[in-house]
Amino acid sequence: MSENAYSDAKALDLLNELERILESNPLIDEVGFVHPSLFSTLKEAAGSSASSQDISEHENTNFWIRDHKLGISTQVLLPLYKAAKHAFMAALREYKTSENLPGNSVDDSLESEVMSHSKALLMLSCDFGTAWNSRKFIVLKKQLLPMFIDELLLSALILSYAPKSERAWSHRRWVIHTISGNSILQQIIEGESELVEKIAERSKMNYRAWNHRCWLVSYMTREQVLHQLEKSRNWASLHIADSSCFHYRRRLMLRIFEDFCHTQADHSSDYNFKIYNIWKDELDWNAALIKRYVGREALWLHRRFLSSYWIRHIATDLHVVSYQFDFGSFIDHELCLLDSCSTIPDDDFEDFQAQAIHSATYIVWLTKQIPEPQRIDIQEKLRARDLNRLLNTACPERSSLWDCLVGAEASSQV
C-alpha cells in the first residue's frame, strides 16, 4: 500500500498502535526505520529464541519490537507523521484553551494526550520544537522526578537514530539543569558520560555529543572529574583523529586546575604535587601517542594546550620548583621530541611529511610562549638543529616562520 493510499482513519489507527506500543513497553531504548521487505527477515532472524513476552500482536508489516528495540516500516512514516502532528496540535490547542478557563483547572487526561502525542511525533520528527516545548511546560508544572527521568529516556531513544539532534541534546541539558539540586544528579551524570561514549562509537566526529559531555563537567564532583580523565584516556588512544575527545580531556583538566585555584589556600603541597603529576603524565602520554601515530594534527594541538598551561601556570602558580621542576629540562624534552619527529624517510611517506611540519611549527609556536631569558637559549638550540633548513624542506610555504622568529629575537635585543 502506498503512503497516499492511507486514509485519515487508517493513519489514526497506526498512531494509536504506535502509542500503545510505547505505553506497554516503556523500556524501549532504540528505534529504527525498516523497509517493509526486511520485516520477514527480522522475524526469521529472531526465530524461536524469542520469549513469549517479546512476541507481540504489534509485530506486523508496520511495526516490529523485540528485546526493547522498535522497528517502524518506512512505508507508514508519512501518514503516521501527519496523524501524529494533527493529533498533537489538536490536543495542545485544547490544553491551552482549558488552561485559560476560570479556575485554571486542566484535566489530567488532556496533559496525558499532549505527552503521548508529542512523544510519537518527536520519534518521527525530532526537531519539532513545539513538541519539545510543550513537554517542558507540563513537566515543569508537575515537578515530578519520574517525569524528568522519562524525558531523559525519550531523548536517549531519539538519539538512538538521530545522534546529532541538537534538540534532543538540548532537552537533556535542560532536564539535568532543572534537577541539579536533586541527590540523583551524580548518578545521572555517570550515565550521561556512558551514553555519550556509546553514541560516539556509532557516530564518528559527533561534535554535539562531545559538546554535551564537556557541558557535564561543570556538574561533576572532583572525584568524577579525575575518574573521567582516567577513563577517557583509553578511548582517546583508540580514536586519535577525533579531536572532540581531546577537547573533552582539556575541559576536564581545566576543571581540575580551576578547582585548585578556587581552593588553593585550603590545600597542602601534596595537592600541588598531584596537579603537577597530572599535567606531566598527560604530556608524557601525548608524546608517546605522537610517536606512535605519525602525522596526527589533533595530537599536536593537544600538546600546545598542555605546554601553554605548563609554562604559564604550573611553573609559576603552583611553585613546583620544590618538586625539582626544571624549565631547561622541559625545553630539552621538547627539542628531543622535535628531533625524533623531524626525520623524513627517503620514501617521502606523507604522514612523516606531516609529522615534520607539525613538529617544526609546534616548536616555533612554543618559542613564542617562553619568557625572554629562556627564549634566547632555545633559539640558539634551534639554530644548532638548523630549524630553518627543516622548515624549507618539510614545508617551504611556512619557511617564513623562521624569519618571523629571528625578527622577533632581533627586535627584543634592540
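No experiment lies behind these values; they were computed from the predicted model shown. (Residues numbered from 1 in each chain as written. Predicted model: local features only at pLDDT ≥ 70, side-chain atom pairs only at ≥ 80, totals over all residues. Heavy atoms only, no water.)

Attention now goes to the side chain of Ser98. Looking at the secondary structure, you find Ser98 in helix H3 (residues 77-99). Separated by 2.7 Å, the side chain of Ser98 and the backbone oxygen of Tyr95 make a polar contact. (Helix = DSSP H or I, 4+ residues; strand = E, 2+ residues; numbered from the N terminus. Polar contact = N/O pair within 3.5 Å; in protein donor to acceptor, adjacent residues only side chain to side chain.)

What follows covers the pairing of strand E2 (residues 63-66). Neither face of E2 is left uncovered, since the one carrying Phe63 and Ile65 and the one carrying Trp64 and Arg66 both have all their residues buried. As paired elements, E2 and strand E3 (residues 69-73) share four bridges and run antiparallel to each other. Its bridge partner being in E3, Ile65 is matched across the sheet by Leu70. Taking the residues that link successive antiparallel strands as the turn, the E2-E3 hairpin has two residues, and the phi of Asp67 there is positive, at about 55 degrees. (Buried < 20%, exposed > 50% of the residue type's maximum accessible area, 1.4 Å probe, protein only. Pairing = 2+ DSSP bridges.)

Reading across the sheet, the three strands line up as E1-E3-E2 and stay open at both edges, with mixed pairing between neighbours. Edge positions in the sheet fall to strand E1 (30-34) and E2, since each of these pairs with one other strand and no more. In this sheet, adjacent strand axes meet at a mean angle of 20 degrees when their direction is disregarded. (Axes fitted to C-alpha atoms, helices over the stretch in contact; angles between N-to-C directions.)

Below, the discussion takes up the layout of surface pockets. Its volume calculated, the largest pocket comes out at about 1200 Å³. Taken together, 43 residues make up the lining of the largest pocket; nearest its centre are Pro26, Ile149, Asp150, Leu153 and Leu154. Put simply, the parts of the chain that give the lining of the largest pocket at least two residues each are helix H1 (8-24), helix H4 (108-124), helix H5 (129-142), helix H6 (145-159) and helix H8 (185-202). Looking at the lining of the largest pocket, the element that brings in the most residues is H6, giving 10 residues. Per-class residue counts for the lining of the largest pocket are 20 nonpolar, six polar and 17 charged. (1 Å grid on protein atoms, 1.4 Å probe; cavity = no way out; pocket = protein on both sides within 12 Å on 5 of 7 lines; lining within 4 Å. Points joined across faces, edges and corners; volume = space filled by probe spheres on them. Nonpolar A, V, L, I, M, F, W, Y, C, P; charged D, E, K, R; others polar.)

Next up on the list: helix H14 (residues 327-341). Here H14 spans 22 Å end to end across 15 residues, near enough to the 21 Å set by a 1.5 Å rise per residue. Restricting attention to buried positions, one finds in H14 the residues Phe327, Phe330, Ile331, Glu334, Leu335, Leu337, Leu338 and Cys341. Taken down its axis, H14 places every buried residue within 150 degrees of arc, on the same side. (Expected span 1.5 Å × (residues − 1). Arc of directions from axis to C-beta.)

The subject of this paragraph is the pattern of salt bridges. Counted under the stated rule, the structure contains 18 salt bridges. With a shortest N-O distance of 2.8 Å, Lys69 and Asp29 are connected by a salt bridge. Highlighted residues: Lys69 in strand E3 and Asp29 in the loop between H1 and E1, separated in sequence by 40 residues. Between Asp281 and Arg233 there is a salt bridge, with its nearest N and O atoms 3.0 Å apart. With Asp281 in helix H12 (residues 269-292) and Arg233 in helix H10 (residues 222-238), this residue pair connects regions lying 48 residues apart in the sequence. Relative accessible area serves as the criterion here: at 38%, Asp281 is assigned to the partly exposed category. Among the ionic contacts, a cluster of salt bridges with common partners joins Glu99, Asp108, Glu111, Lys141 and Lys142. (Salt bridge = Lys/Arg side-chain N within 4 Å of Asp/Glu carboxyl O.)

This part takes up the nonpolar core. In this structure, Leu70 and Leu80 are the most contacted members of the largest nonpolar core, which totals 108 residues. Counting residues per element, this core draws most heavily on H12, at nine residues. In contact with Leu80, other than residues within four places in its own chain, are Leu14, Leu15, Leu18, Phe63, Ile72 and Leu124. (Core = buried A, V, L, I, M, F, W, Y, C linked by side-chain atoms within 4.5 Å. Contact = heavy atoms within 4.5 Å.)

Before going further, it helps to spend a moment on unusual backbone geometry. For residues that are not glycine, phi is negative in most cases, and the peptide bond is trans in most cases. Backbone geometry at His68 places phi at a positive 65 degrees, although glycine is not the residue there. Looking at where His68 falls in the secondary structure, it is placed in the loop between E2 and E3. Although it is not a glycine, Met205 adopts a positive phi angle of roughly 55 degrees. The partly exposed category is assigned to Met205, whose relative accessible area is 47%.

What follows covers the packing of helix H7 (residues 166-178) against H8. Look at H7 against H8: their axes get within 12 Å of each other, and the N-to-C directions meet at 165 degrees. With respect to H8, the axis of H7 lies roughly antiparallel. Here the hand of the crossing between H7 and H8 comes out left-handed. For the pair formed by H7 and H8, the contact residues are Trp169, Arg172 and Ile176 on the first element and Leu185, Ile188, Ile189, Glu192, Leu195, Val196 and Ile199 on the second. Among the residues making up the contact of H7 with H8, the classes are represented as eight nonpolar, no polar and two charged. (Parallel < 35°, antiparallel > 145°, perpendicular 65-115°, else oblique. Left-handed = near helix turned anticlockwise from the far one by under 90°.)

Another point: H7. Between its first and last C-alpha atoms H7 spans 18 Å; for 13 residues at 1.5 Å apiece the expected length is 18 Å, and the two agree. Every buried residue of H7 is listed here: Ala168, Trp169, His171, Arg172, Arg173, Trp174, Val175 and Ile176. Residues of H7 that are buried in the fold lie against H5, H6, H8 and helix H9 (207-216).

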